[in-house]
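Structural characterization, general
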Amino acid sequence: MTDAQAIDALGWERRTFPPSEAFKQNALVSDTSMYDDGAADYEGFWARQAADLLTWSKDWTTTCDWKLPAAQWFVGGELNVSYNCLDRHVLAGRGDKVAFHFEGEPGDTRTITYADLLDETQRFANVLKSLGIVKGDRVNIYMPMIPEAAIAMLACARIGAAHSVVFGGFSALSLTDRINDAEAKLLITADGGWRRGEVFPLKQTADEALLHTPTITDVVVVRRGGNEVSMQDGRDHWYHELMATADPVCPAEPMDSEQLLFLLYTSGTTGRPKGIMHTSGGYLTQVAFTHKYVFDLHPETDVFWCTADVGWITGHSYIVYGPLANGATQVMYEGVPNFPGNDRMWQIIEKYGVTIFYTAPTAIRTFMKWGAQEPAKHDLSSVRLLGSVGEPINPEAWMWYQEHIGGGRCPVVDTWWQTETGAIMISPLPGATTTKPGSATFALPGIGTELVDENGEHVEHGGGYLTLTQPWPAMLRGIWGDPERYHETYWTRFPGRYFAGDGAKLDDDGYLWLLGRVDDVMNVSGHRISTTEVESALVSHPAVAEAAVVGANDPTTGQAIIAYVTLRGGAEVDEQVLRNHVGTEIGSIAKPKAIYFTPDLPKTRSGKIMRRLLRDVAEGRNLGDTTTLADASVVSELQRRASEVPPED
Ligand code: WTA
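In this text the structure is predicted, and so the values were computed from the model without any measurement. (Residues numbered from 1 in each chain as written. Predicted model: local features only at pLDDT ≥ 70, side-chain atom pairs only at ≥ 80, totals over all residues. Heavy atoms only, no water.)

**Structural notes on the environment of Val98**
Its place among the elements puts Val98 in strand E4 (residues 98-103). Remark: the alpha-carbon pair of Val98 and Val413, spanning 315 residues in sequence, is separated by 25 Å. Residue contacts for Val98: discarding those within four places in its chain leaves Thr111, Ile112, Thr113, Tyr114, Ala328 and Thr329. (Helix = DSSP H or I, 4+ residues; strand = E, 2+ residues; numbered from the N terminus. Contact = heavy atoms within 4.5 Å.)

**What about the sheet that holds strand E21 (residues 449-452)?**
Within the open sheet, the four strands sit side by side as E21-E22-E24-E25. Their pairing is antiparallel. The open sheet has two free edges, formed respectively by E21 and strand E25 (512-517), since each of these has just one partner strand. Across the sheet, the axes of successive neighbouring strands diverge by a mean angle of 40°, strand direction being ignored. Inspection of the sheet shows strand E24 (residues 498-506) paired to E25 by five bridges, in the antiparallel sense. Across the sheet, the residue bridging to Asp502 is Arg517, located in E25. (Pairing = 2+ DSSP bridges. Axes fitted to C-alpha atoms, helices over the stretch in contact; angles between N-to-C directions.)

**Re the nonpolar core**
Counting 159 residues, the largest nonpolar core has Phe124, Ile188, Phe295, Tyr321, Val534 and Leu538 as its most contacted members. Of all the elements, helix H7 (residues 147-159) adds the most residues to this core, at ten residues. Both domain 1 (113-253) and domain 2 (519-644) contribute no fewer than three residues apiece to this core. Not counting the four nearest positions on each side in its chain, Tyr321 is found in contact with Val81, Cys85, Met153, Leu154, Ala157, His163, Leu261, Phe262, Tyr283, Leu284, Val287 and His316. Of all hydrophobic cores here, the second largest spans 25 residues; its members include Val303, Trp346, Ile348 and Ile349. (Core = buried A, V, L, I, M, F, W, Y, C linked by side-chain atoms within 4.5 Å. Buried < 20%, exposed > 50% of the residue type's maximum accessible area, 1.4 Å probe, protein only. Domains from an automatic or database assignment.)

**A closer look at the packing of helix H6 (residues 114-130) against H7**
It is the contact of H6 with H7, at a shortest axis distance of 8 Å, that shows an interaxial angle of 65°. Crossing of H6 over H7 shows right-handed handedness. Contacts between H6 and H7 pair Leu117, Leu118, Glu120, Thr121, Gln122, Phe124, Ala125, Leu128 and Lys129 from the former with Ile151, Ala152, Leu154, Ala155, Cys156, Arg158 and Ile159 from the latter. Taken together, the residues of the contact of H6 with H7 sort by class into eleven nonpolar, two polar and three charged. (Left-handed = near helix turned anticlockwise from the far one by under 90°. Nonpolar A, V, L, I, M, F, W, Y, C, P; charged D, E, K, R; others polar.)

**Points about the side chain of Glu533**
Mapped onto the elements, Glu533 comes out in helix H18 (residues 531-539). Sequence-distant contacts of Glu533, defined by excluding residues within four places in its chain, comprise Ser267, Thr270, Gly271, Pro273 and Ile586.

**Quick notes on the domain arrangement of the protein chain**
Looking at the assigned domains, one finds that the protein chain contains domain 1 (113-253) and domain 2 (519-644). With six residues of domain 1 at the contact, the number on the domain 2 side is seven residues. Surface buried jointly by domain 1 and domain 2 totals about 480 Å² across both partners, of which 56% is contributed by carbon and sulfur atoms. In terms of surface lost to domain 2, no three residues of domain 1 exceed Phe170, Ser171 and Leu173, which account for 60% of the buried area on that side. Of the residues in the side of domain 1 that touches domain 2, the class split is three nonpolar, three polar and no charged. (Buried area = accessible area lost by both parts, 1.4 Å probe.)

**Quick word on the side chain of Gln49**
Tracing the backbone through its elements, the reader meets Gln49 in helix H4 (residues 42-53). Overall, Gln49 belongs to the buried group, its relative accessible area being 8%. If near-sequence neighbours (up to four positions away) are discounted, Gln49 is found in contact with Leu54, Thr285, Phe289 and Tyr293.

**Looking at the pattern of salt bridges**
Summed over all chains, the structure comprises 33 salt bridges. For Asp87, the salt bridge goes to Arg158, with nearest N and O atoms at 2.9 Å. Residue Asp87 is located in helix H5 (residues 81-94), and its partner Arg158 is located in helix H7; the two are separated by 71 residues in the primary sequence. Both residues of the pair, Asp87 and Arg158, count as buried. Residue Glu148 pairs with Arg110 through a salt bridge whose shortest N-O separation is 3.3 Å. Pair noted here: Glu148 is in helix H7 and Arg110 is in strand E5 (residues 109-113), with a separation of 38 residues, a long-range link. Assessed through its relative accessible area of 8%, Glu148 is described here as buried. Its relative accessible area of 31% is what places Arg110 among the partly exposed residues. Salt bridges sharing common partners tie together Lys203, Asp207, Arg235 and Asp236. (Salt bridge = Lys/Arg side-chain N within 4 Å of Asp/Glu carboxyl O.)

**Section: the layout of surface pockets**
Estimates place the volume of the second largest pocket at around 410 Å³. Every residue lining the second largest pocket is counted, 22 residues in all, and those nearest its centre are Thr269, Thr489, Phe499, Gly501 and Asp519. Residue classes in the lining of the second largest pocket are distributed as seven nonpolar, seven polar and eight charged. (1 Å grid on protein atoms, 1.4 Å probe; cavity = no way out; pocket = protein on both sides within 12 Å on 5 of 7 lines; lining within 4 Å. Points joined across faces, edges and corners; volume = space filled by probe spheres on them.)

**Remarks on H5**
At Asp87, H5 shows its largest bend, some 35°. Every buried residue of H5 is accounted for by Val81, Ser82, Asn84, Cys85, Leu86, Asp87, Arg88 and His89. Of the residues that open H5, the one with a side-chain oxygen 2.9 Å from the backbone nitrogen of Ser82 is Asn80. (Bend = angle between axes of the 7 residues up to and from the residue. Polar contact = N/O pair within 3.5 Å; in protein donor to acceptor, adjacent residues only side chain to side chain.)

**Considering the site of the ligand**
Near the ligand you find 17 residues, and of these Asp414, Thr415, Thr419, Asp502 and Arg517 are the closest. A total of 520 Å² of accessible area belongs to the ligand in isolation, and the protein chains cover 97% of it. Elements that contribute at least two residues to the shell around the ligand include exactly helix H12 (313-325), strand E20 (412-415) and E25. Considered class by class, the residues forming the shell around the ligand number six nonpolar, six polar and five charged. (Near = heavy atom within 4 Å. Areas by Shrake-Rupley, 256 points an atom, 1.4 Å probe, with all protein chains shown as cover.)

**Section: the UniProt feature "domain: AMP-dependent synthetase/ligase" (unreviewed entry) in the protein chain**
Cross-referencing UniProt, the feature "domain: AMP-dependent synthetase/ligase" (unreviewed entry) maps to residues 91-479 in the present numbering. Taken end to end, residues 91-479 has its terminal C-alpha atoms 37 Å apart, with 31% of it in helix and 23% in strand. (UniProt positions renumbered as here; feature names shortened; annotations may be inferred.)

**Quick notes on the UniProt feature "domain: AMP-binding enzyme C-terminal" (unreviewed entry) in the protein chain**
Taking the UniProt record as the reference, the feature "domain: AMP-binding enzyme C-terminal" (unreviewed entry) is found at residues 533-608. Spanning residues 533-608, this segment combines 24% helix with 33% strand, and its end C-alpha atoms are found 17 Å apart.

**Some thoughts on the packing of aromatic side chains**
Under the defined criterion, the tally for this structure stands at 37 aromatic pairs. Counting every residue linked through ring pairs, the aromatic cluster contains Trp66, Trp472, Tyr486, Tyr490, Trp491 and Tyr498. It is Arg178 that lies over the ring of Phe170; its NZ or CZ is 4.4 Å from the centre. The ring of Tyr465 is capped by Arg493, whose NZ or CZ atom sits 5.4 Å from the centre of that ring. (Phe/Tyr/Trp six-rings, centres within 6.5 Å; stacked < 30°, edge-to-face > 60°. Lys NZ or Arg CZ within 6 Å of the ring centre and 35° of its normal.)

**Observations regarding the pairing of strand E30 (residues 594-597)**
Note that strand E29 (residues 558-567) and E30 share four bridges and pair parallel. Opposite Ala563, over in E30, you have Ile595 as the bridge partner. The handedness of the E29 to E30 crossover, carried by helix H19 (residues 575-585), is right-handed. (Right-handed = clockwise from strand over helix to strand, strands pointing away.)

**Thoughts on the sheet that holds strand E15 (residues 274-279)**
If you trace the eight strands from one edge of the open sheet to the other, you get E12-E11-E8-E6-E7-E14-E15-E23, paired in mixed fashion. This sheet does not close on itself; its edge strands, each paired only once, are strand E12 (236-238) and strand E23 (478-479). Each of strand E7 (162-165), strand E14 (260-266) and E15 is contacted by H12, which is oriented at about 145° to E14, the strand it contacts most.

Right, here's the structure in full:
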């Protein structure tokens, strides 16, 4: 064992939490036989799940057609995703079951049953048709967290149009880029949404984006914020007006299993976001499977609440498709967790009797900061299972969550996955797995993972690169418009396998501990942002000559964006101006936490910016060897400043 490995091993968390007898008694899975099924024949395993969990109009002929890097699942099979999420529940007599308890930030509420959701979806599907949208078209969605976001997605699925949802926090420029890359014909947006007690404008931002989107012919606007908007004649339509006269019946047409269901843009290591492609049958199979078994869903009694925004993959898979395919009752909340008070989440859990709560480590660490007295104000005894997603969860946050939200009685499932994987890949099964705080534990049944070293050799113990060894139903089918980049990005680093971009460790018991990204992708509050994207945004400001961006460890947000900027000769600019510039270019989630101005950036003699070194500076670490550096004085100067200027909050 090397010194580094010895230190790692000592740092491992040793507490273990087996599922309680009480939880096991009613759990869907309480032993490990499902893992054996998945290992014996993963294709057969997924075929059984697809048949068991979904309703198909036509059976498939081949379970999986795999020619690296192209996968097709349930080839020849046909189904309609919206039928699976809506019609079949209503046809089975469950139309009155609540699909969404919607809670608006100002406190307004709506109860939406499966029958309501089916009705609205059919009408809106007819609206889409009346605007000329046909199977295969792309539709952009830029919305607050309101039920119409889900309705818009389901209506697209119903008629075979692919949606591309852009998170409402992205800037006009980001929206323009995504619309143009997808060549979308229609944009669905809202006047505005509620955030921290105020209305934030969406239509106004969309209007700016629409100045440069030649493919968009129509815009549908949902009234939510009540803020004033301008409506362009012939192009812009109010949702409620179109819905008032829409035909209520739109039969669900069977779609090919590989019909494109959606694009979702995510950051990679270059400045240009990738349009990740997901299709229908395989995706729905795995989101339904994972939602059922990872969350031990009992649809008759559970109230599920995933706090993600529909603009991210977590919202797609665990607010819209997984839970609705399983006929679950959910809470959907529009706003921030601290409006009007720091106990809003706990108040909502008490109000709706939430039984399964799924959130991100950043949120948990924020709740910790606000204090245990906040959840203690409310009766959280309905909660029986907790989930975490989006970033590594540190053991302290895991323990706090388990104790203060779960009352010490609830299993915690730490779920690892990505926009590209479409659904959860590594997670405990809560009635079967003994958990360890901070570990996502094991690959789910039917999923193959392997840790490898630099050379692709198997790692049995200690740190390595996380790879996926076999195709899985919800895997991405490609990058929109760029098959070469798809192959290159995911399938070439370790030939024959998918490289996730994450590092991980294996402990003595074979538990996986996710360590975060090993590439130039940052993870800030569970949101993926590439260093290059932020650098390009900074350099696009006329005062900036050069910029280097690193993700530095941050106790709350996981990583924080730290930028080092060299100005053009004679130029002067305020830090805040540059931060806002990044906000305009990408969106406020990408604003650097701190910007340090420096006359030079540390570079190797061949001119490469030394990011590792900058990260060390940002995290206040001892720098070690700087002998390859062109000018070592740059670094000591940066260090002096980093210690003088505390990064602003
Ligand atoms: C990170 C979010 C540790 C990881 C669903 C991955 C995690 C990236 C976990 C994907 C977890 C997600 N533990 N890290 N439980 N879940 N990640 O595409 O680095 O927004 O590669 O998907 O988030 O982020 P994405």
